[in-house]
Structures are given as C-alpha cells and as structure tokens.
Amino acid sequence: MIKYETLFELESPEPLAVPPELASGYGNLRLPEKGWYGNFVCSLDGVVAFGKHQGAAGRLISGASEADRFLMGVLRASSDAIVIGAGTLRAEPQHLWTPARVFPSAEGLYDSLRRHLKLPLSPPQLYVVTASGDLDPGHPVFGAGAIVLTTAGGIDRLPAGLRPSARVIPGDGAVAALDLADVVAHDGHRRVLTEGGPALMGSLLDAGCVDQLFLTLSPVVAGGGKERQRFSGSFEFLPNQGRWGRLVSLRRCADMLFLQYAF
C-alpha cells in the first residue's frame, strides 16, 4: 500500500467513509456528495499536455509515478461518471477509464471503496464529449458502453455505429459546459470526475461547473513550446476574473505533491 504524508487538511467538509486500508495509506477522502471534480498531473512550470506526445503526457510528466496512478484510480472509483473530451480519447487509443486500468494491483481496494460509497461494482459511466464527431468506433470504450455527447452537427458526422447511443447537446458550435452538466445530472449521476483534456476543463471552469480540483505537482520542468498546454486550456481568467480555489488538502509522496482545491 502506498503511503502519503498529510501536510495539511481542512477539518471540513466531512470525509467520506472509505475502507480502512485506504484510510491508513492515503487518509481522509473529502469529495462533494454532488458535484464535479477534476484530476490532472502538471509539471513545475504548469504543463499538463503537449503535442504529439499528448497521450503519454501524464506518464511523462509524472515519471509514471505509482502514487499518482493510485490516486487516479481512487478518484475514478469514487465517481458515478467520468467525462472526457474527444482529444483525450484519441490520445489514448487503447485505454479504458476504469479504476483498475491505471493501478491493477489495487482493484480489490477500488471495489471495496465503491461498496463503501454505495456505488455499483461496475465501472463509472464514461461520457465522451465531441463537437466534431471525430471518433474511432473501434475504440474499446465504446464496446464497454461509453456514451457520446455531441452537437446537432457532430451527430451527423459521427460514425454510424455510434449514433444510436449518442446524446445531442443543444447548439451547433462547441458543446456548452452547462448543457453538458445538465445531461449528466439528468442521467442520475451525482459525483462526476473529469480528466480533461485542457479544453474541456477550461470550459467547465469558465462555466463554474468545477467544484474541486486534484492537482499532482511533479518535480519536473517540461519547458516551452507552442504546443504546451495548461489544464485551463486557452481560456483567459486573469486579469478580469480569476478562478480562486481554497486548499482542502496537501499530501506528499517522495518528491510528488498532491494538492486538492475547492472552488
């Protein structure tokens, strides 16, 4: 079991009930009973993704950190649903967004966590957001029941095999974050995780949909380049209206820092 050192933690909100093994290794898990939370790993200079290596960006930035991957599995296991952008899906052509996929040896613990949270043992429902309809119907997530959220124009461009299970979000341009959140809530999902990418996360932040952010700070400098991306995408918040968070917890494992903020 990976051990995290707790450097700071708010006394509220009340922590969720978690298995003793998780409590002894990670500590308290403070998540909203209802809301959206994001999870990213970033470099010391703020980079979360870059260019042609986007699919491997998380592993490259974290140095394939076991502590980062374990926590990613915990956050997936705690969710009713996971929402990702089409770019994130295309960058990971063989990935499945399940807890055990990122840390297989903890599958039993993740199942125990879902039982503690009164969630089904089946993986969280995955939603894939695309305005363009540019998706590969052969991606394994669609065989596992992923749902596509797209626009009126996007559904016409979706591969025929994906159209029957797709949901159309109002509008002809980009998928509006508030409409996206309404559809996921209407399906009965209360605690929703997003792992991005940056464009999706930026739109959710801009619409005020993000309640919490888990940010792993990796001790690496990624360097410059026009393809470097931050988790807020291309959205500009400062100087006009920054998105200020409140520190909920700070943990350490080796040289990695694990920050949790509430908005």
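Everything discussed here concerns the structure shown above.
To start, this report covers the structure provided alongside it.

Basis of the calculations
Residues numbered from 1 in each chain as written. Predicted model: local features only at pLDDT ≥ 70, side-chain atom pairs only at ≥ 80, totals over all residues. Heavy atoms only, no water. Core = buried A, V, L, I, M, F, W, Y, C linked by side-chain atoms within 4.5 Å. Buried < 20%, exposed > 50% of the residue type's maximum accessible area, 1.4 Å probe, protein only. Helix = DSSP H or I, 4+ residues; strand = E, 2+ residues; numbered from the N terminus. Contact = heavy atoms within 4.5 Å. Pairing = 2+ DSSP bridges. Salt bridge = Lys/Arg side-chain N within 4 Å of Asp/Glu carboxyl O. Polar contact = N/O pair within 3.5 Å; in protein donor to acceptor, adjacent residues only side chain to side chain. Phe/Tyr/Trp six-rings, centres within 6.5 Å; stacked < 30°, edge-to-face > 60°. Lys NZ or Arg CZ within 6 Å of the ring centre and 35° of its normal.

Counting residues in hydrophobic clusters, the biggest one holds 43 residues, and the most contacted among them are Y4, F70, L135 and F142. Broken down by element, the residue count for this core peaks at 6 residues, all from helix α3 (residues 66-77). In this view, Y4 contacts G25, Y26, A67, F70, L71, R251, R252, C253 and F258; residues no more than four positions away in its chain are not counted. In this structure, C42, A81, Y127 and F237 belong to the second largest nonpolar core, which totals 33 residues.

A few words on the sheet that holds strand β6 (residues 147-150). Strand pairs in the sheet, formed through backbone hydrogen bonds, run parallel or antiparallel to each other. The strand order across the open sheet formed by 10 strands is β1-β11-β12-β9-β2-β8-β4-β5-β6-β7, and the pairing between neighbours is mixed. Bordering the open sheet on either side are β1 (5-9) and β7 (167-168), each of which pairs with just one other strand. Sheet topology places strand β4 (residues 81-85) next to strand β5 (residues 125-130); 5 bridges connect them, and they run parallel. In the sheet register, I82 faces β5, and the bridge partner there is L126.

With that settled, the discussion passes to the pairing of strand β11 (residues 246-253). Pairing analysis gives 4 bridges linking β1 to β11, with the strands arranged antiparallel. Within β11, the residue paired with E5 across the bridge is R252. Looking at chain direction, β11 and strand β12 (residues 256-262) are connected through 7 bridges and run antiparallel. For R251, the partnering residue across the bridge sits in β12 and is F258.

With an omega of 5°, the peptide bond between S12 and P13 qualifies as cis. Looking at where P13 falls in the secondary structure, it is placed in the loop between β1 and α1 (20-25). In this chain, L238 is followed by P239 through a cis amide linkage whose omega measures 10°. You will see that K118, though not glycine, has its phi angle at about 60°, which is positive. With respect to the helices and strands, K118 occurs in the loop between α6 (107-116) and β5. The backbone of A254 shows a phi angle near 55°, a positive value even though the residue is not glycine. Residue placement: A254 occurs in the loop between β11 and β12.

Next up on the list: the pattern of salt bridges. Enumeration according to the criterion identifies 9 salt bridges in this entry. Across the salt bridge formed by E5 and R252, the nearest N and O atoms sit 3.1 Å from each other. Here E5 is found in strand β1, whereas its partner R252 is found in strand β11, with 247 residues between them in sequence. The partner of E33 in a salt bridge is R191, with the nearest N and O atoms 3.5 Å apart. A residue pair is termed long-range when its members are at least 10 positions apart, and E33 in the loop between α1 and β2 (35-42) and R191 in strand β8 (residues 191-194) qualify at 158 residues. The network of salt bridges with common partners includes E9, R30 and R251.

Within the element layout of this structure, T216 appears in strand β9 (residues 210-217). In this structure the side chain of T216 is engaged in a polar contact, spanning 2.9 Å, whose partner is the side chain of D68. Residues in contact with T216, not counting those within four places in the same chain, are F40, V41, C42, D68, M256, L257 and F258.

With respect to the secondary-structure elements, Q260 resides in strand β12. You can call Q260 buried: its relative accessible area is 2%. A distance of 2.5 Å separates a polar side-chain atom of Q260 from the backbone oxygen of R30. Apart from the residues within four sequence positions on either side, Q260 is in contact with R30, Q212, L213, F214, R246, L247, V248 and S249.

All right, on to the packing of aromatic side chains then. Using the criterion set out here, one finds 8 aromatic pairs in the structure. By the ring-pair criterion, three or more aromatic residues cluster together here, those being Y4, Y26, F70, F103, Y110 and F258. We note R228 situated over the ring of F50; from NZ or CZ to the ring centre the distance is 5.0 Å.

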